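# Residue-level structure breakdown
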Amino acid sequence: MKKISLLGATGSIGIQTLDIIRGHQEAFQLVAISAGRNIDVVRKIILEFKPEFVSVQEKVDCETLQTEFPGLTIGFGPSGIEEAAVYNKADILVNAVLGSVGLSPTLKAIQAGKTIAIANKETLVTAGHLVMEAARKHNVSILPVDSEHSAIFQALQGEQAKNIEQLILTASGGSFRDRKREELKNVTVREALNHPNWSMGAKITIDSATMMNKGLEVIEAHWLFSLPYEKISVVLHKESIIHSMVEFHDTSIIAQLGTPDMRVPIQYALTYPDRLPHPTGNRLSLAQIGKLHFREMDFDRFRCLKFAYDAGRAGGTMPTVLNAANEAAVAAFLEGKITFLQIEDLIERELTKHKIITNPDLETIQEIDEQTRKSVLSLI
Ligand SMILES: NC(=O)C1=CN([C@@H]2O[C@H](COP(=O)(O)OP(=O)(O)OC[C@H]3O[C@@H](n4cnc5c(N)ncnc54)[C@H](OP(=O)(O)O)[C@@H]3O)[C@@H](O)[C@H]2O)C=CC1
Ligand SMILES: CC(=O)[C@@H](O)[C@H](O)COP(=O)(O)O
Ligand SMILES: [Mn+2]
């Protein structure tokens, strides 16, 4: 029985993780959760899964829940998430919280020796060097949940890192894949949220439409697989059936395929190196699909991908600026305060003016993150 602490339990990945736990009660037990402000869903999770520790974002929600569940230990705010992350009975932490708010709890969980199943890519983007260094020091495994990285991780089983020619990440192209840049001026939030293949949270769906999601994933891959940016490429693949590939020096390419269903990579991270049956049993039929398509990536059309490669290569605090500017700009777009193309403009402006700091510690990263968000907000 694996005991799980789940950060971001009320979100898209969180709910799908609960699906896996529900489907395999013989294998998994939920012992701790954190959530933001969706208290109705938190209530349901408490009643169904009976976790021993719960954390929510705001004190007022914590107090409401405490009166409803007097026997339960409930925390709130940043210290509450950290408590959930290091919950003593948990064997594994599933980090499915949104944004760089996940960094500090991840580092705390690593220090506590927890295995980490990481969906929260912003944490690896903003401070991959700190996370991977801490994981090495405390001999902790960081297991990828993001579909592309899970695919690569699966393709690398039994292989040696020295034989890798390159990683090939697949990108669906998102909601506006077939539109030209000039056709993006007046697109709406509703249109941007209409991802062709995946049902995901709002922020990542917008990231997918700007191609920033793939940019963040390139940086995520750099840290998870310890490879230079020259060895990480991206190809457009509109069906999201091949979740990513590894090319080896002998020209062999190993790919992982499947229906676009995040429960597969989530479950693999939870069962690794073992596998369990899929909760629904929905299988991929290549004969039914018939054709798969691939197209070269256009860096002028998808400028955020270029920003991410440049920020990743520059290193230091540059990826922190990329991520924080993106988080702030996407939130503003979702609130209807800026247009879709202004997301790129705001990020470019922050990257251009930033004076890089090399090898930043946690405090520096948190400071630059906060400054960048403020700077973006001051322009909106
Ligand atoms: N969705 C997907 O298919 C995929 C997601 N990912 C990554 O996984 C992560 C989560 O994505 P997704 O599930 O889509 O996001 P959602 O927006 O659906 O969920 C985010 C979760 O984080 C919580 N949360 C947000 N802000 C805070 C905060 N300040 N303090 C505490 N909790 C907070 C939310 O709480 P509440 O709702 O209660 O307010 C919710 O539980 C992201 O990093 C994303 O890039 C990676 C691959 C695929
Ligand atoms: C499901 C998942 O892992 C997402 O990150 C997904 O990859 C988004 O798809 P695109 O960014 O390729 O549109
Ligand atoms: Mn992904």
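The present account deals with the structure reproduced in this document.

Conventions and cut-offs
Residues numbered from 1 in each chain as written. Chains lettered and ligands numbered in written order. Predicted model: local features only at pLDDT ≥ 70, side-chain atom pairs only at ≥ 80, totals over all residues. Heavy atoms only, no water. Buried < 20%, exposed > 50% of the residue type's maximum accessible area, 1.4 Å probe, protein only. Helix = DSSP H or I, 4+ residues; strand = E, 2+ residues; numbered from the N terminus. Pairing = 2+ DSSP bridges. Donors = N, O, S within 2.8 Å, 3.2 Å for Na, K, Ca; no water. Tetrahedral: all angles 85-135°; square planar, octahedral: opposite > 155°, others 65-115°. Phe/Tyr/Trp six-rings, centres within 6.5 Å; stacked < 30°, edge-to-face > 60°.

### Some words on the pairing of strand 5 (residues 92–95)
Side chains I92 and V94 of strand 5 all project onto a buried face; the interleaved residues L93 and N95 project onto the opposite face, where all are buried too. Bridge count between strand 1 (residues 2–7) and strand 5: four bridges; the pairing is parallel. Following the sheet pairing, L6 is matched in strand 5 by V94. Two elements, strand 5 and strand 6 (residues 115–118), share four bridges in a ladder whose sense is parallel. Counted as the bridge partner of L93 is I116 from strand 6.

### A short note on the coordination of the manganese ion (ligand 3)
Ideal geometry at a metal centre gives angles of 109.5 degrees when four donors are arranged tetrahedrally and 90 or 180 degrees when six donors are arranged octahedrally. Those protein atoms acting as donors to the manganese ion (ligand 3) are D146 (OD), E148 (OE) and E217 (OE), and they sit at 2.1 Å. Around the manganese ion (ligand 3) sit six donor atoms; with metal-centred angles ranging over 64 to 165°, the donor geometry is irregular. The sequence pattern formed by the donor residues of the manganese ion (ligand 3) is D-x1-E-x68-E. With a gap of 69 residues between them, E148 in helix 7 (residues 147–155) and E217 in helix 10 (residues 212–224) connect regions that are remote in the sequence. Of the residues examined, E148 reaches a relative accessible area of 7% and is grouped as buried. For E217, a relative accessible area of 1% translates into the label buried.

### As for the packing of aromatic side chains
Here the structure, examined in full by the defined rule, presents eight aromatic pairs. Seen in terms of ring centroids, F176 and F340 are 5.1 Å apart; in terms of plane orientation they differ by 85°. Their pairing is edge-to-face. Highlighted residues: F176 in the loop between strand 8 (164–171) and helix 8 (189–192) and F340 in helix 15 (residues 340–353), separated in sequence by 164 residues. Judged by its relative accessible area of 1%, F176 falls in the buried class. Taking relative accessible area as the criterion, F340 reaches 2% and is therefore assigned buried. Ring plane angle 75° and centroid distance 6.5 Å describe the contact between Y229 and Y309, whose orientation is recorded as edge-to-face. With Y229 in the loop between helix 10 and strand 9 (232–236) and Y309 in helix 13 (residues 303–314), this residue pair connects regions lying 80 residues apart in the sequence. Each member of the pair Y229 and Y309 is classed as buried.

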